[in-house]
Amino acid sequence: MIRRTSATASGPSRRGFLTGSAAAAGVVVGAAGGATVARAAEPEATTDTTGLNGARTASFHGAHQAGVTSSPGAHGTFVTFDLVEGSTRDDLRRLMRLWTDDARRLMAGDGALADTEPELASAPAGLTITVGWGRAAALLADESQVPSWLGPLPAFSIDALEDRWSDGDLLVMIHADDPTTVSHATRMIVKDATSLATERWRQTGFRQAYGSHASGTTMRNLFGQVDGTTNPPTAADEFAARVWIEDGWLAGGTSLVLRRIRMDMATWDEADRVGRENAMGRTLDTGAPLTGTAEHDEPDFEAVNERGFPIISDVAHIRRARPDDPSRRIVRLAYNYDEPARGGDDAEVGLLFGSLQADVDAQFVPIQERLAEADLLNVWTTPVGSAVFAILPGCAEDGFLGDTLLA
Ligand code: HEM
């Protein structure tokens, strides 16, 4: 329970200040005639612990990395690195051991080794630290075992990619419900990479805050759309079928395509609600398909209106994004971003669009090709960054991330 202080009990009232009643406001007049507010006016600290989420931990060890299997934290940082020139396989192993140790400790709510601010680790708030390799890291580990999909995507006609948001030899994804926790964990990861890898880019985003909606509520993106409806729950067989790689050194791992997609709010403002809903094929209030009434109703792509036109447009985002073959579907991991104008760059709003799948070429690429060819959403969205990573399998208590190839 939050305890409130009243003017008469222990603190000043707003009225006391406004009427200049120094005594009522707890103001003491100093010897030099200046006024200072007495300490007694401060409200008492609350000891209410209901609803606290800081102590929640995700488990580090297992067949899969926790950042893929747990629901994404409210705050997310994606940081990539380039290996320093002349890096060896041993250097990569050393870095993986360091990051494994960092992730293991920080996710448990402990400071990293030689952490100079261990207090900042004490509220993990569901922290997950997830490591992935770009093509160069996989080549360094074993050039005979690099998946064919690991590397830059084919060029799409809608792309306006910038180097500063693209590619990278290594990725670390840091997610938690507390931005201080994310910041501290990122600092530790970056610090421990010194001399082995240099930071290439960092992107930060957010989803709905912990506690502002019932758990399980689908997030909204900054167009106001309910975004993520068709993702299966992480424990479902369907999630496993879409996401996990089954064979070889990446068994239990997956792949991540991360696209930075700018959303043009000025032109979005020009579209009315009907136009906005038509572009998606879903309503804005509940996220239900235009042919249904509830968020999770199956869209009816065959339904037509009284004039014989499809209710869900032929070029609506959800029609174009749905593969005919269910085994080609992806799982999406989205974070909103909202950057102020800075250093000559305009303000920018958008989506850090992550796509998880067992095979980038078989799942992500055909969907993105179809969307590039025709998708009403393209009017307002532009991909400005792109990167592909192999997300490593999880590791055992005596192992380290990447040990299936580096041990
Ligand atoms: C800023 C860009 C984008 C926005 C705002 C956006 C938004 C949405 C929304 C609101 C939905 C409907 C609800 C849901 O099922 O989650 C959706 C569905 C979907 N989106 Fe996007 N999306 C974007 C980019 C992309 C990209 C780049 C891809 C893949 C290349 C993609 C693939 C999908 C898929 C596969 C679905 C589910 C379709 C279905 O089977 O019903 N989206 N998106």
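The rules behind each value
- Residues numbered from 1 in each chain as written.
- Predicted model: local features only at pLDDT ≥ 70, side-chain atom pairs only at ≥ 80, totals over all residues.
- Heavy atoms only, no water.
- Helix = DSSP H or I, 4+ residues; strand = E, 2+ residues; numbered from the N terminus.
- Buried < 20%, exposed > 50% of the residue type's maximum accessible area, 1.4 Å probe, protein only.
- Contact = heavy atoms within 4.5 Å.
- Areas by Shrake-Rupley, 256 points an atom, 1.4 Å probe, with all protein chains shown as cover.
- Near = heavy atom within 4 Å.
- Polar contact = N/O pair within 3.5 Å; in protein donor to acceptor, adjacent residues only side chain to side chain.
- Nonpolar A, V, L, I, M, F, W, Y, C, P; charged D, E, K, R; others polar.
- Pairing = 2+ DSSP bridges.
- Phe/Tyr/Trp six-rings, centres within 6.5 Å; stacked < 30°, edge-to-face > 60°.
- Donors = N, O, S within 2.8 Å, 3.2 Å for Na, K, Ca; no water.
- Expected span 1.5 Å × (residues − 1).
- Core = buried A, V, L, I, M, F, W, Y, C linked by side-chain atoms within 4.5 Å.

1. Some details on the overall build of the protein
In step 1: Each helix and strand in the protein was counted, giving 11 helices and 10 strands.
In step 2: Counting over 407 residues, the protein shows a buried share of 46%.
In step 3: Partitioning the contacts of the protein with sequence separation of at least 6, the portion at a separation of at least 24 is 76%.
In step 4: Element-wise, carbon and sulfur atoms account for 52% of the exposed surface of the protein, whose accessible area totals about 20,000 Å².

2. Regarding the site of the ligand
In step 1: Looking at the ligand, there are 25 residues lining it, with Gly 228, Thr 230, His 317, Arg 322 and Arg 332 nearest.
In step 2: Between the ligand and His 317, the relevant distance is 3.0 Å, taken from a nitrogen atom to a side-chain nitrogen or oxygen of the residue.
In step 3: Between an oxygen atom of the ligand and a side-chain N or O atom of Arg 322, the distance comes to 2.7 Å.
In step 4: Here the shell around the ligand takes four residues from helix α10 (residues 360-373), the largest share from any one element.
In step 5: Within the shell around the ligand, the residues separate by chemical class into 12 nonpolar, eight polar and five charged.

3. Observations concerning the environment of Thr 57
In step 1: Mapped onto the fold, Thr 57 is located in the loop between β2 (35-37) and α2 (66-69).
In step 2: The class for Thr 57 is partly exposed, based on a relative accessible area of 44%.
In step 3: For the pair Thr 57 and Ala 176, spaced 119 residues apart in sequence, the C-alpha separation works out to 9.6 Å.
In step 4: Apart from the residues within four sequence positions on either side, Thr 57 is in contact with Met 107, Ala 108 and Pro 124.

4. Remarks on the pairing of strand β9 (residues 348-357)
In step 1: Along β9, 10 of the 10 residues are buried, which leaves the element largely enclosed by surrounding structure.
In step 2: Where strand β7 (residues 254-263) meets β9, nine bridges bridge the pair, whose relative direction is antiparallel. Opposite Leu 258, over in β9, you have Gly 354 as the bridge partner.
In step 3: Pairing of strand β8 (residues 331-339) with β9, which is carried by nine bridges, proceeds in the antiparallel orientation. The residue bridging Leu 333 from the neighbouring strand is Gly 354, located in β9.

5. Points about the packing of aromatic side chains
In step 1: According to the stated counting rule, one finds six aromatic pairs in the structure shown.
In step 2: Centre to centre, the rings of Phe 81 and Trp 99 are 5.1 Å apart; their planes meet at 50°, and the pair counts as tilted. Linking Phe 81 in strand β3 (residues 75-83) with Trp 99 in helix α3 (residues 89-107), this pair joins segments that are 18 residues apart in sequence.
In step 3: Exposure remark for Phe 81: the relative accessible area of 0% places this residue in the buried category.
In step 4: Ring centres of Trp 268 and Trp 380 lie 5.0 Å apart, and the angle between their planes is 85°; this geometry places the pair in the edge-to-face category. With Trp 268 in helix α7 (residues 265-268) and Trp 380 in the loop between α10 and β10 (381-391), this pair connects stretches of sequence that are 112 residues apart.
In step 5: Overall, Trp 268 belongs to the buried group, its relative accessible area being 2%.

6. A look at the coordination of the iron atom of the ligand
In step 1: Just one protein atom donates to the iron atom of the ligand; it is His 317 (NE2), sitting 2.1 Å from the metal.
In step 2: Structurally, His 317 can be placed in helix α9 (residues 317-321).

7. Some details on α3
Each full turn of the α-helix corresponds to 3.6 residues, which orients residues three or four apart in the same direction.
In step 1: Helix length check: α3 (19 residues) gives 27 Å between terminal C-alpha atoms against 27 Å at 1.5 Å per residue, within 8%.
In step 2: Where α3 is concerned, the buried positions are Leu 92, Arg 93, Leu 95, Met 96, Trp 99, Thr 100, Asp 101, Asp 102, Ala 103, Leu 106 and Met 107.
In step 3: Positioned one or two residues after α3, Gly 109 has a phi angle of 90°, which is positive.

8. Things to note about the nonpolar core
In step 1: In this structure, Met 96, Trp 99, Ile 129, Trp 133 and Leu 170 are the most contacted members of the largest nonpolar core, which totals 75 residues.
In step 2: At seven residues, the largest contribution of residues to this core is made by α3.
In step 3: Among the nonpolar cores identified, the runner-up in size contains 21 residues, and Phe 78, Phe 239, Tyr 337 and Ile 391 belong to it.

9. Some details on the pairing of strand β4 (residues 128-133)
In step 1: Within β4, six of the six residues are buried, leaving the element largely enclosed by the surrounding structure.
In step 2: The side-chain alternation of β4 yields two buried faces, one formed by Thr 128, Thr 130 and Gly 132 and the other by Ile 129, Val 131 and Trp 133.
In step 3: Sheet topology note: the β4/strand β5 (residues 170-176) ladder contains six bridges and is antiparallel. Pairing of Thr 130 across the sheet is with Met 173, part of β5.
In step 4: Pairing of β4 with β10, which is carried by two bridges, proceeds in the antiparallel orientation. Across the sheet, the residue bridging to Trp 133 is Ala 390, located in β10.

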